[in-house]
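Fold and geometry: a report
What follows is each chain in one-letter form.
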Amino acid sequence: MNVAYLVRKLAQALVTIAAIVILLFVLFRAMPGSPDRVSKNPNMTPAMQAAERARWGLDKPLVPDQLVAFIGSTVTGDLGTSIKFRGQPVTEVVGAAVGPTILLVGLGEAIAIIVGLALGALSGWRRGGLVDRLGNGASLVFYSMPYFVIGMPLIMVFASGLGWFPTSGMTTPGASADPVGQVLDVAGHLVLPLTAVTLGLIGAYSILMRSAIIETRAEDYITTARAKGLTDARILRHHAFPNALLPMVTFIAINLGYVIAGAITLEVVFSWPGLGTLTVAALNARDYPLLQGIFLLVSVSVVMFNLLADFVYGALDPRVRS
Amino acid sequence: MTTEVRGRLGRLLPDGADPTAPLLEVRDLAVRFRTPSGASVRAVGGMSFRLDAGEAMGIAGESGCGKTTTALSLVHLLPGTGRVSAGSVKLFGIDLVPLTERQLARYRWREISMVFQGAMNALNPVQRVGDQIAEPIEVRLGQSRDASRKRAGELLELVGIPRQRASAYPHELSGGMRQRAMIAMALACDPAVVIGDEPTTALDVMVQAQILQLLERLRRELGLSLLLITHDLSVIAETCDRVMVMYAGRVAEEGPVSRVFTAPRHPYTVKLLSSFPDIRTGRRALSMIPGSPPDLRTPPPGCLFAPRCEHAMPVCAVETPPEINSDDGVRVACHLFTAGDAVRRDAASEVKA
Amino acid sequence: MTAAHAGRSAHRAPEPLRRAASLVGNLLSRGDGIVGLAILLVFGLLALFPDVFVGPLEDITTVTGMRLHAPGLGHLLGTDELGRDILNLTVHGARISMAIGLMATVITILLGAVIGVIAGFVGGTTDALLMRLCDFFLVLPTVVLALILAPVILDVVGADAELFGIRATLLVIVVVIGLTSWATTARVIRSQVLSVKERMFVDRARVIGAGPGWIMVRHILPNVVNLIVAQAVLTFAGAVFTETTLSFIGLGDSSAPSWGQVLSSAQEAGAAGLGASWYIIPPATCVVLVVLAFTLVGNALDDVLNPKSAGRR
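Residues numbered from 1 in each chain as written. Chains lettered and ligands numbered in written order. Predicted model: local features only at pLDDT ≥ 70, side-chain atom pairs only at ≥ 80, totals over all residues. Heavy atoms only, no water.

1. Considering the overall build of chain B
The criterion, for reference: Runs of E in the DSSP output that reach at least two residues are strands. Runs of H or I that reach at least four are helices, and both are numbered from the N terminus. Throughout, exposure labels follow a simple rule: accessible area from a 1.4 Å probe, protein chains only, divided by the maximum for the residue type, with under 20% read as buried, over 50% as exposed, and the rest as partly exposed. By the convention used here, residues are in contact when the closest approach between their heavy atoms is within 4.5 Å. In short, Shrake-Rupley with a 1.4 Å probe defines the accessible areas, and a residue's cover is counted only from the protein chains shown.
In terms of helices and strands, chain B carries eleven helices and twelve strands. Within chain B, the proportion of its 353 residues that are buried is 53%. Within chain B, contacts between residues at least 6 apart in sequence are counted, and of these 63% link residues at least 24 apart. Surface exposure of chain B reaches about 15700 Å², of which carbon and sulfur atoms provide 53%.

Here's what the structure looks like:
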């Protein structure tokens, strides 16, 4: 692969991350009343607060001392201590919440990508056909629904109404000790939120893939493929789909970056113990170090997946590769 | 009870083929497009022509006159709302117009293949050139993958590209190389007819000459039958036996290149020829054709060229001119000529001036 | 075809009225356009005159019903956990949700159009820098940014500050949506400006001697107005969507309940678990209908107006 291309993209990603760290610094240190937000902790004694202040160097000048210290601690992974979780390091609190979110949203993305791309490709290929009218209509409706708007009716019908699935959480406390039982328990809790997240994502994938296919259909090489007497299915699989997939790669990767930010509202609705629920808890407790840590994690993961998108695109598209 | 019929180079002809019929015979072909507002536009109206085995015919005319539409309609490749609304397209005597998409697939590429303008867009950008050439051999002729790859390599050599370049992607080849690869692809199934749609237009002059030489050579060596669409009359003069001049979706004049180019009859052919510089006679003022082609959504009655024609007579605005065949093999659709002798009614010298 | 093209000058603003009329005509000729416009008309009326339909907004002091009561004669859509009429809340929610959406759209489009036109027209280093800025803002996660910006903005302007009758808490939502969505608009408009500029070189005589400001306003802007309109409609859909999400997670203003805020109250009251579907379905349906309608109209406009998408064969 083209090394200069990789290096350029990597450098751009690093610059973006640096800009995010500086933005955080400005928001949390330089704005009026900002330093208080770090050290004003009702769970701490005045002495502990003073110690915290000194630890963060808040008694020193903003630039360069505080900025340098801020960048230094951020780079080494020291994001401070949580207020809500009584002095636990932010990294630990955040780390514990990442797993459930990745399980839920990651799985949802995987299903939505496969189903959404297939649905979009078929809709666009036979524009105005039955699949298109039903599929595109449904996609537009789900695309217009925030996750929690999909989730709340699901709870109403399948959890509190029919009682098929639990209404909230990821596990039933003290339900089962053996591993198989635990997996089944989690799976049962996963069904409804996973359905909601998948439906919410399918819309966007299918709509975009549809228009990518429609655009590709008009290309001259599709006429060539038709002139070759290939079957419709083969033209779609071998000529239209691979080309339409290229613009989708970037979109998919960027979307995957948001896996971490995930479906905050959906986690709230289902009390799913992930980052979303943690974010709202942090907001309600005005736990700024925790919010800051979450923001950093989410935006850095978005940047990294953007970078991944560039690499994958470079690997897939021969025009970029050479 | 179909008997195997073999034609040129012992190829197996499709079922129902008549070996005595002309290779390609198009009669009264009409193509309509539906506009977004629901109106129907006749892009090609009542075209007839014939292409014999081993012959090369050029189709000339301004852009938008229906050259490409005619070519694409032969094997139902019209984009969007385009439909063949009347007429017949007979290949070995088999009419292709009433065939379903599935039945027609048999004829695409194996009998009629195409070389498109601007091979950059006509080749799949994310597939290796060799694979694109091998694809019809494998899929359409049912050969093994290895055999098709090997054949693709031979075809590349045939058009002057080293076979190692089979693994290149289209963007890695120069414009001329891409066009050669496109020609190799068109030859993959040894088709009865190759249609070239402005095959040299996007290329610079030197490369253009090379591609034309290649087509010439292939015609000689393989006995190709060629339908060459171009607005560049010099390309036709160099490579074709016969020329058909189209105007607004109809045939204006058709005949042997030697006749039509030296003694054009239709006023439009005269104008078209004089708008091209002639190297032998040196630079001269090019005569432009005043006005623009008619809007086919609301075609004028009578002869479509009449509004731009210096020789227009009252009858031209009323009656569509009939096609007149003359003894020297030239066909012309103009009221200036009468049946039988195809001699101009008034002073013929005036048109030639 | 050729004649039609020759007759239409590439960049002279046609008479605005005639253009607007043909635009509406074009929209009405498309099924999705009609459906979208009809939905918007209904919600537009609700948002403009909520008092006419359901009386003034009910609050804890003026409640008329029992708590969490199912739909019945007195309260067609039931009541919430405070006894407020759901129909009343939902209709007033239209005004609040759409007002926030509108303000956020104005900010987004202003920022996006100005930056997009400048980047595309000036080009060079300016363009490169502005596009890097775009990339940066495209990466910022909207919801999480809103969460950390909200307290900062409230500290700076004060929680009780008002602008055009909208409280600071809601302004946070407006600002955050504006900040995180202008970049998309800027990119779309920039690429259109680039192609307009390309065409202008063909027609250089027309702009000889004119200053860059004049050219931008007189020649570039009229050619991207279509695109700006389509983008604005699509941005509005996104803004209502995001506002709903942000209000739901607790950034809303309970004294000015948007649909998201109503749904947030429903979540806190455990409406889904209690089976109080009347509390959830009306505001949720409204959100979906409005976002869907704006998306439909926006896509239709884009197809009709945007030369790139209209050019599809």
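What follows continues from the structure just given.
2. Observations concerning unusual backbone geometry
Residues and elements named next belong to chain B. Even without glycine at this site, E198 takes up a positive phi of about 45°. Assignment of secondary structure puts E198 in the loop between strand 7 (193-197) and helix 7 (205-222). Of note in this structure, A248 is not a glycine but carries a positive phi near 50°. Assignment of secondary structure puts A248 in the loop between strand 9 (242-247) and strand 10 (250-256). For A248, a relative accessible area of 8% gives the class buried.

3. What to know about the packing of aromatic side chains
To be explicit about the condition: Any Phe, Tyr or Trp ring, taking Trp's six-membered ring, that has another such ring centre within 6.5 Å forms a pair; planes under 30 degrees apart are called stacked, those over 60 apart edge-to-face, and the others tilted. Counted as over-ring charges are cases with an Arg CZ or a Lys NZ within 6 Å of the ring centre that also lie within 35 degrees of the ring normal.
Under the definition given, this model contains ten aromatic pairs over all chains. On the basis of an interplanar angle of 10° and a centroid distance of 3.7 Å, the ring pair of F148 of chain A and F248 of chain C is categorised as stacked. Linking F148 of chain A in helix 7 (residues 147-161) with F248 of chain C in helix 9 (residues 212-251), this pair reaches from one chain into another. The pair F148 of chain A / F248 of chain C is uniform in exposure class, with both members buried. Centroid distance F236 of chain C to F294 of chain C: 4.1 Å. Interplanar angle 15°. Geometry classified as stacked. Of this pair, F236 of chain C sits in helix 9 while F294 of chain C is found in helix 12 (residues 277-305), placing the two residues 58 residues apart along the sequence. In this structure, F236 of chain C and F294 of chain C share a single accessibility class: buried. The rings of Y247, Y268 and F305 of chain B are connected pair by pair, giving a single aromatic cluster. One residue, R106 of chain B, lies across the ring of Y107 of chain B, its end atom 6.0 Å from the ring centre.

4. Side note on the pairing of strand 4 (residues 83-91) of chain B
Residue and element names in this part refer to chain B. Heads up, the rule is: In this description, strands pair whenever DSSP reports at least two bridges between them.
As defined by bridge partners, strand 1 (residues 24-34) adjoins strand 4 across seven bridges and the pair is classed as antiparallel. Residue pairing across strands places R32 opposite R83, the latter belonging to strand 4. Alignment of strand 4 against strand 5 (residues 94-95), held across two bridges, turns out to be antiparallel. Each residue of the ladder has a partner; that of L91, found in strand 5, is I94. Joining the antiparallel neighbours strand 4 and strand 5 is a turn of two residues, in which F92 adopts a positive phi near 50°.

5. Details of the sheet that holds strand 5 of chain B
Whenever strands of a sheet pair, they do so through backbone hydrogen bonds, lying parallel or antiparallel. Residue and element names in this part refer to chain B. Here is the rule: For helices, the axis comes from a line fit to the C-alpha atoms of the stretch in contact; other axes are also lines fit to C-alpha atoms, and the angle between any two N-to-C directions lies between 0 and 180 degrees.
What the four strands build is an open sheet, ordered 2-1-4-5; its pairing is antiparallel. Taken across any chain shown, the strands that pair with only one partner, and hence form the sheet edges, are strand 2 (40-51) and strand 5. Its contacts with the sheet place helix 1 (residues 67-74) against strand 1, strand 2 and strand 4, and it is angled at close to 110° to strand 1.

6. Observations concerning the environment of V270 of chain B
All names here are of chain B. Examined against the element boundaries, V270 turns out to sit in helix 10 (residues 267-274). Residue class for V270 comes out buried when judged on its relative accessible area of 14%. C-alpha of V270 to C-alpha of S148: the two residues are 122 residues apart in sequence and 48 Å apart in space.

7. Description of the sheet that holds strand 11 (residues 323-325) of chain B
All names here are of chain B. The eight strands lie next to each other as 6-7-8-3-9-10-12-11, forming an open sheet whose pairing is mixed. Bordering the open sheet on either side are strand 6 (112-115) and strand 11, each of which pairs with just one other strand. Taken pair by pair, the neighbouring strands of this sheet meet at an average axis angle of 20°, ignoring direction. Pairing analysis gives four bridges linking strand 6 to strand 7, with the strands arranged parallel. Across the sheet, the residue bridging to V115 is G196, located in strand 7. Along the sheet face, helix 1 touches strand 3 (56-60), strand 6, strand 7, strand 8 (225-229) and strand 9 and points at about 145° away from the line of strand 8.

8. So, the domain arrangement of chain B
Residue and element names in this part refer to chain B. The cut-off we apply is this: Note: domain ranges come from an automatic or database domain assignment. The quantity reported as buried area is the accessible area (1.4 Å probe) lost by two parts once they are put together, taken as the sum for both. We define a salt bridge as a side-chain nitrogen of Lys or Arg found within 4 Å of a carboxyl oxygen belonging to Asp or Glu. We call two N or O atoms a polar contact when they sit within 3.5 Å, provided that within protein one can donate a hydrogen and the other can accept it, with sequence-adjacent residues counted only if both atoms are side-chain atoms.
On domain assignment, one finds that chain B holds domain 1 (24-240) and domain 2 (245-350). Here the C-alpha centroids of domain 1 and domain 2 sit 28 Å apart. Across the boundary between the two partners, domain 1 contributes 25 residues, which contact 20 residues of domain 2. Taken over both partners, the interface formed by domain 1 and domain 2 buries close to 1700 Å², and the fraction arising from carbon and sulfur atoms is 63%. Linking E62 and R308 is a salt bridge whose minimum nitrogen-to-oxygen distance equals 3.4 Å. For the pair domain 1 and domain 2, the interface holds six residue pairs in polar contact (both at pLDDT 80 or more). When contributions to the side of domain 1 that touches domain 2 are tallied by element, the ones reaching two or more residues are strand 2, strand 3, helix 1 and helix 8 (233-239).

9. A look at the interface of chain A and chain C
Keep this limit in mind: Residues were grouped as follows: Ala, Val, Leu, Ile, Met, Phe, Trp, Tyr, Cys and Pro as nonpolar; Asp, Glu, Lys and Arg as charged; and all remaining residues, including Gly, as polar.
Taken together, the contacts link 46 residues of chain A with 40 residues of chain C. Buried area between chain A and chain C, summed over both chains or domains, comes out near 3900 Å², and the portion from carbon and sulfur atoms is 78%. Seen at the junction of chain A and chain C, the total is zero salt bridges. Sorting the residues of the side of chain A that touches chain C by element identifies helix 1 (3-30), helix 6 (130-143), helix 7, helix 8 (179-217), helix 11 (264-270), helix 12 (275-284) and helix 13 (288-316) of chain A as the ones contributing at least two each. Residue composition of the side of chain A that touches chain C, by class: 33 nonpolar, nine polar and four charged.

10. Quick word on a nonpolar patch on the surface
Residue and element names in this part refer to chain C. Spelled out, the test is: For patches, a residue must show more than 30% relative accessible area and have no salt bridge; joins then use 9 Å for like charges and 5 Å for nonpolar side chains, namely Val, Leu, Ile, Met, Phe, Trp and Tyr.
A surface patch of nonpolar side chains, about 650 Å² in accessible area, is lined by L41, L45, L48, F49, V52 and F53. Elements with a minimum of two residues in the nonpolar patch: helix 3 (31-48) and helix 4 (50-54). Here the element with the most residues in the nonpolar patch is helix 3; it accounts for three residues. With respect to the helices, strands and loops of the structure, F53 is situated in helix 4.

11. What about the interface of chain A and chain B?
Listed per partner, the contact involves 20 residues of chain A and 25 residues of chain B. Buried area between chain A and chain B, summed over both chains or domains, comes out near 2000 Å², and the portion from carbon and sulfur atoms is 57%. Per-residue buried area on chain A facing chain B is highest for R226, A227 and K228 of chain A; these three make up 31% of the total on that side. Where chain A meets chain B, there are two salt bridges. Residue R234 of chain A is joined to E135 of chain B by a salt bridge in which the shortest nitrogen-to-oxygen separation is 2.8 Å. For the interface between chain A and chain B, the tally reads twelve residue pairs in polar contact (both at pLDDT 80 or more). Broken down by secondary-structure element, the contributors of at least two residues to the side of chain A that touches chain B are helix 9 (220-227), helix 10 (232-257) and helix 14 (318-321) of chain A. Looking at the side of chain A that touches chain B residue by residue, the classes come out as six nonpolar, seven polar and seven charged.

12. Describing helix 12 of chain C
Test applied: Here a helix's expected span is defined as the number of its residues, less one, multiplied by 1.5 Å.
Relative to the 42 Å expected for 29 residues at 1.5 Å per residue, helix 12 of chain C spans 41 Å between its end C-alpha atoms, a close match to the ideal helical length. In terms of burial, helix 12 of chain C is a largely internal element, 22 of the 29 residues being buried.

13. Section: the packing of helix 6 of chain A against helix 8 of chain A
Residues and elements named next belong to chain A. As a reminder of what qualifies: For this classification, under 35 degrees means roughly parallel, over 145 means roughly antiparallel, 65 to 115 means roughly perpendicular, and everything else is oblique. It is the rotation of the near helix from the far one that decides the hand of a crossing: anticlockwise by less than a right angle makes it left-handed, clockwise makes it right-handed.
The interhelical angle for the contact between helix 6 and helix 8, taken along N-to-C directions, is 125°, at an axis separation of 8 Å. In terms of orientation, helix 6 lies oblique with respect to helix 8. Relative to helix 8, helix 6 is oriented so that their crossing is left-handed. Listed contacts from helix 8 to D132, N136, S139, L140, F142 and Y143 of helix 6 are L199, G200, G203, A204, S206, I207 and R210. Grouping the constituent residues of the contact of helix 6 with helix 8 by class yields six nonpolar, five polar and two charged.

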